[in-house]
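One letter stands for each residue in the lines below.
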Amino acid sequence: MATVLYRLGRASFRRRRLVVALWLVVLVALGAAAAALMKPTSSDFTMPGTESQRAIDALSREFPEASGTTGTIVIAAPTGRTLRDADAHAAVAAVVQEAGALPGAVAAVDPYRSGAISPDNRHALVQVQFRERDDAITDAQRDAYAHTGAAAEAAGLRVEHGGEVMHNEPELGGTEGVGVLIALVVLVVTLGSLVAAGMTMLTALIGVGAGMAGLFALSGVVGLTSTAPILALMLGLAVGIDYSLFITSRYRQHVRDGRALDDAAGRALGTAGSAVLFAGGTVVIALAGLALVGIPFLTVMGLAAAGTVAVAVLVAVTLLPALLGFAGRRVLPRRARTVEGHHARRRRDRREAAGFRWARQVIRLRVPLLLVGVLGLGALALPALDMRLALPDASTAPVGSPTRDANDLITEGFGPGFTGRLALVVSTDSAAHTTAAVAQVSDRLAGTPDLLAVTPPNLSQDGKTALLGVLPRTGPTDPATETLVHEVRDRARSVAGADVALTGQTAVGIDVSSKLSSALPTYLLLVVGLSVLLLAVVFRSVLVPVKAALGFLLTVGATFGLTTLVFQQGHLAGLVGLDTPGPLVSFLPILLIGILFGLAMDYEVFLVSRMREDFVHGDPPTRATINGMGHGARVVTAAALIMTAVFAGFILLDDPVIKSMGFALAVGVAIDAFVVRMTLVPAVMSLLGRAAWWLPRWLDRLLPDVDLEGAKLRRRLDEPDREPALADITSG
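Residues numbered from 1 in each chain as written. Predicted model: local features only at pLDDT ≥ 70, side-chain atom pairs only at ≥ 80, totals over all residues. Heavy atoms only, no water.

Observations concerning the overall build of the protein
- Helix and strand counts for the protein stand at 26 helices and eleven strands.
- The globule rule puts the C-alpha radius of gyration for 732 residues at 27 Å, and the 30 Å found for the protein is close to it.
- For the C-alpha atoms alone, the extent of the protein along its principal axes is close to 100 × 50 × 50 Å.
- Counting contacts in the protein only where the partners sit at least 6 residues apart, residues at least 24 apart contribute 79% of the total.
- For the protein, the accessible area works out to roughly 29900 Å², and carbon and sulfur atoms hold 62% of it.
- When the 63 basic and 61 acidic side-chain charges of the protein are each reduced to a single mean position, those positions are 16 Å apart. (Helix = DSSP H or I, 4+ residues; strand = E, 2+ residues; numbered from the N terminus. Rg over C-alpha atoms; globule rule 2.2 N^0.38 Å. Contact = heavy atoms within 4.5 Å. Areas by Shrake-Rupley, 256 points an atom, 1.4 Å probe, with all protein chains shown as cover. Lys, Arg positive; Asp, Glu negative; His and termini not counted. Charge placed at Lys NZ, Arg CZ, Asp CG, Glu CD.)

A short note on the sheet that holds strand β2 (residues 105-108)
- Read across the sheet, four strands follow the order β2-β3-β1-β4 without closing on themselves; strand pairing throughout is antiparallel. Edge positions in the sheet fall to β2 and β4 (158-162), since each has one partner strand and no second. Sheet twist, expressed as the mean angle between neighbouring strand axes with direction ignored, is 20 degrees.
- The sheet contacts of helix α4 (residues 86-100) involve β1 (70-76), β2 and β3 (123-130), and relative to β2 the element is tilted by about 165 degrees. (Pairing = 2+ DSSP bridges. Axes fitted to C-alpha atoms, helices over the stretch in contact; angles between N-to-C directions.)

Comments concerning the packing of helix α18 (residues 479-493) against helix α19 (residues 505-539)
- The N-to-C vectors of α18 and α19 enclose an angle of 90 degrees; their axes lie 10 Å apart at closest approach. With respect to each other, α18 and α19 are oriented roughly perpendicular. Counting all contacts with α18, which are made through T481, E482, V485, H486 and R489, the residues of α19 involved are T506, A507, I510 and D511. (Parallel < 35°, antiparallel > 145°, perpendicular 65-115°, else oblique.)

Some words on the pattern of salt bridges
- One pass over the structure, following the stated rule, counts 19 salt bridges.
- In this structure, D262 and R14 form a salt bridge, with 2.9 Å as the shortest nitrogen-oxygen distance. Pair noted here: D262 is in helix α11 (residues 261-288) and R14 is in helix α1 (residues 2-14), with a separation of 248 residues, a long-range link.
- With relative accessibility at 17%, the residue D262 sits in the buried group.
- Salt bridges here are not isolated pairs; linked through shared partners, they connect E51, R489, D490, R493 and D511. (Salt bridge = Lys/Arg side-chain N within 4 Å of Asp/Glu carboxyl O. Buried < 20%, exposed > 50% of the residue type's maximum accessible area, 1.4 Å probe, protein only.)

A word on a nonpolar patch on the surface
- A cluster of nonpolar residues, V367, L371, L375 and L687, forms a patch on the protein surface that exposes about 400 Å² of accessible area.
- It is helix α15 (residues 366-381) that provides the largest number of residues to the nonpolar patch, a total of three residues.
- By secondary structure assignment, the location of L687 is in helix α23 (residues 656-688).
- Residue class for L687 comes out partly exposed when judged on its relative accessible area of 46%. (Patch = residues over 30% accessible without salt bridge, like charges linked within 9 Å, V, L, I, M, F, W, Y side chains within 5 Å.)

A few points about the nonpolar core
- By size, the foremost hydrophobic cluster in this structure holds 160 residues, and its most contacted members are L298, F587 and F647.
- At 19 residues, helix α12 (residues 296-327) tops the list of elements feeding residues into this core. (Core = buried A, V, L, I, M, F, W, Y, C linked by side-chain atoms within 4.5 Å.)

Digging into helix α17 (residues 431-445)
- An ideal rise of 1.5 Å per residue puts 21 Å on 15 residues; α17 measures up with 21 Å between its terminal C-alpha atoms.
- Buried within α17 we find T434, A437, V438, V441 and L445. Buried residues of α17 fall within an arc of 105 degrees about the axis and therefore sit on the same side. α17 presents A432, T435 and D443 as exposed residues on the side facing more than 90 degrees away from its buried surface.
- Looking at the buried side of α17, the elements it contacts are β6 (422-427), β7 (451-454), β8 (458-459), β9 (465-472), α18 and β10 (499-503). (Expected span 1.5 Å × (residues − 1). Arc of directions from axis to C-beta.)

Regarding the packing of aromatic side chains
- What the rule picks out here adds up to seven aromatic pairs.
- Sitting above the plane of the F13 ring, R16 keeps its charged end 5.4 Å from the centroid. (Phe/Tyr/Trp six-rings, centres within 6.5 Å; stacked < 30°, edge-to-face > 60°. Lys NZ or Arg CZ within 6 Å of the ring centre and 35° of its normal.)

A few points about the packing of helix α10 (residues 228-256) against helix α21 (residues 588-616)
- Orientation of α10 relative to α21, taken along the N-to-C sense of each, is 5 degrees, at an axis distance of 13 Å. The orientation of α10 relative to α21 falls into the category roughly parallel. Mapping the contact onto sequence places L231, L235, V239, D242, Y243 and F246 in α10 and L591, I595, L599, D602, Y603 and F606 in α21.

Quick look at the pairing of β9
- Most of β9 is tucked away: seven of the eight residues are buried.
- Relative to β9, β6 is paired through six bridges, and the arrangement is antiparallel. Considered in β9, the bridge of V426 is made with A466.
- Note: β7 against β9, three bridges, orientation antiparallel.

Quick notes on the pairing of β10
- For β10, the buried fraction is high: four of the five residues fall into the buried class.
- By the bridge criterion, five bridges tie β6 to β10 in an arrangement that is antiparallel. Its bridge partner being in β10, L424 is matched across the sheet by L502.

Looking at α10
- A rise of 1.5 Å per residue sets the reference length of α10, with its 29 residues, at 42 Å; its end C-alpha atoms lie 42 Å apart and thus fit the reference within 8%.
- Burial within α10 is extensive, with 27 of its 29 residues counted as buried.

With respect to the confidence of the model for the protein
- Per-residue pLDDT for the protein averages 85, and the proportion of residues at 70 or more is 92%.
- Confidence, read as mean pLDDT per element, is least for helix α26 (residues 723-730) in the protein (44) and greatest for α15 (95).
- The model gives residues 721-732 a pLDDT under 50, and that stretch makes 17 contacts with residues more than four places away or in other chains. (pLDDT = per-residue confidence, 0-100.)

Next up, the structure:
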């Protein structure tokens, strides 16, 4: 692999104009495809095989008129007035008429006829049924709905607009660009060259642009959830910058050593490029593995992010060497390009770098650092024991948003249960049996704790399916509502001869969480097992992979704990701009495991591979550990800072789901890079000594020799007496 990448690097460097031209063609083609084929994202969370999805499918089949999206217009009279007053009644009637005439609306329900008036007669709910599903509603339709009721507002009434129809895709503004700017500053400081920093950033942005364009082009064929593109953008940008940084840093090292520029590009790709391929492949495998969970929207999110990461790797190993060809020696700081600068660098090199000094201090204090690190991360993981999962609802939307204002007004007038109404679907083989089953269900549900009411049944045209509304006393994410869902299902399930299924936002969230919880141990075992296997192949060791896997588990536990502490329990929520704490989004834990696994293995490879190389060449274990940290700490520190900054930039978005994802990834990367990989790893490696590299002979014979750092390539290139081999390698 190293030899192939060496040839690829030299070929891209030499034929740089052709490579850049080809990538420009690809970008234009992908951009045109995205513009022509892009479809809106969706907020639908389908869950095949679950009770809630079975009920949703039955509703779509038996009540097609109600299969479209819905809106809820909330009207409130000021203190001292009621909606029973003649003028208020007329204003509400006008809102109903206006809403029913909206483009795409099937009907608007008069609250006076449906009984959707609060006990104090000050609040009313106008239900609006649309013909199309949420993702088919146009911006013009949504805007018209949001401006309904202007006359009622002029009459002194308050009008808020909520419901599914008000769903908006998370918008990217300029705030997340702060992370990119910080990343650019870190690049400039690390590389000491505006050319090198700008080229590295440009490579990452091209990779993200190509990946996102391809993703949006595919959205015409594959339905994307609203969070999938943002997750892909986060990951693609972060890994794109990091991978380009690793290769550029190695190229600069070879140029400083006096290599020919094309040879330096080939060597950089044959060594650091191999590690980039391994790290990127690991991330792709972990994200693609989310498909094993069997949840469609999670599969799409994982594959979308995996595709963007794969494009970032492809750009790093093909386009970056070509751009290095245009930059030449300008990737070095200005002083380093001169003879005097070269001598000054040699003098600086004789001074021990900060990475070496850090490694010595860690080894000297390894036992207390290990105790503090492990116990500290364990303590940070404790809040995760109280972690609750749910799908996002309007109660956690940003304060001041239309959805949140409508939710709060409904809660004020009707109680929190009205914002998370449930639907019970009862089906039998005949209309008579359905009528009898509905009566039995109503009797069984009588007296259920925290059940406010069960509405009269709405029958399908053939009378075989009935729809009953179930009103909880508590809100959608309240633990009592979750208990109510289980109780209703248990009681309704006992009705013989009927298919009874409960759905609704809370029910769907419970089913999602249940399926994810059952899949999480298997997925975690798969990820940890994969890490042990891959690292055993790379490092030819038993204990090093086990140590890496244990470190990964510490990272995941601490990240879960901190995310729960802030986003669920509300501690320090103001620092991240969170208005309302609540349960974590259901898919965050399993998604986080997949992403952090790939990123953790990334830093493990870049640090420990140098330790193994020096140990194999005869250095004592402690010396090899110090050298590995000394040579890799600067680049890994910069890479971790960049990735943390990019992820943290998304905390500034208003959407609480994206905010929590950005926070968890930023915290996870920071913990893994600075606490686990740069502190605990050297401490453990120095304690293990030679045992760290022990490998049974039978296993040594079974494992393939990957040569991730290109040691064989360097030996073949550096031996002057092996001209045939050298000619064979460089002929590409």
